[in-house]
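Summary of structural features
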Amino acid sequence: MTGVLKLLAVGIAVSAWGLQAAPVANRTAVHRGDGVLRWADDGSEVAVFGVNYYTPFHVEYEETAKRGFDHKEVIRRDVAHLRRLGFNAVRLHCFDREISDRQGNLIDNHRLELLDYLIAECASNGMW
């Protein structure tokens, strides 16, 4: 069972309870020193409904390629599906060694391109 299918099962269960998270992509969060991440516009605590997402990185990247799937198409479909399930956030697990050199400089490679694409897809779907 792939990670997306596991997330789908959880998403279906939550959706059945009628939860629908509001889009948040155009809001800015700030840390004001009280230990709580807050929205810059009204100071309310950030509360998002999201999932972990790995496709551009690590094993998921390699498995996607090995199966002959287009990474961007997989990301596009996953983000659209997650949005339909009511998620408004994605937590990325980005391995620095896959997008940067030993000094921490970004490397212009396919994985960095996919990270940028994922962020853009999330934003265009109201996800943070």
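Overview of the structure. (Residues numbered from 1 in each chain as written. Predicted model: local features only at pLDDT ≥ 70, side-chain atom pairs only at ≥ 80, totals over all residues. Heavy atoms only, no water.)

This part takes up the environment of Thr28. The residue Thr28 is located in the loop between helix H1 (3-16) and strand S1 (29-31) in this model. For Thr28, a relative accessible area of 51% translates into the label exposed. (Helix = DSSP H or I, 4+ residues; strand = E, 2+ residues; numbered from the N terminus. Buried < 20%, exposed > 50% of the residue type's maximum accessible area, 1.4 Å probe, protein only.)

Here we come to the pattern of salt bridges. One pass over the structure, following the stated rule, counts eight salt bridges. Arg77 serves as the salt-bridge partner of Glu73, at 2.7 Å between the closest nitrogen and oxygen. Separated by four residues within a single helix, Glu73 and Arg77 lie in helix H3 (residues 71-84), roughly one turn from each other. Owing to a relative accessible area of 27%, Glu73 belongs among the partly exposed residues under this scheme. Sharing partners across several salt bridges, the network here consists of Glu62, Glu98 and Arg111. (Salt bridge = Lys/Arg side-chain N within 4 Å of Asp/Glu carboxyl O.)

For H3, with 14 residues, the first-to-last C-alpha span of 20 Å sits near the 20 Å given by 1.5 Å per residue. All of the buried residues along H3 are His71, Ile75, Asp78, Val79, Leu82 and Arg83. In a view along the axis of H3, the buried residues occupy a sector of 130 degrees, so they form one face of it. Facing away from the buried side of H3 by over 90 degrees, the exposed positions are Arg77 and Arg84. Backbone nitrogen of Lys72 and a side-chain oxygen of the N-cap are separated by 3.3 Å at the start of H3; the cap is Asp70. Following H3 by one or two positions, Gly86 has its phi on the positive side, about 100 degrees. (Expected span 1.5 Å × (residues − 1). Arc of directions from axis to C-beta. Polar contact = N/O pair within 3.5 Å; in protein donor to acceptor, adjacent residues only side chain to side chain.)

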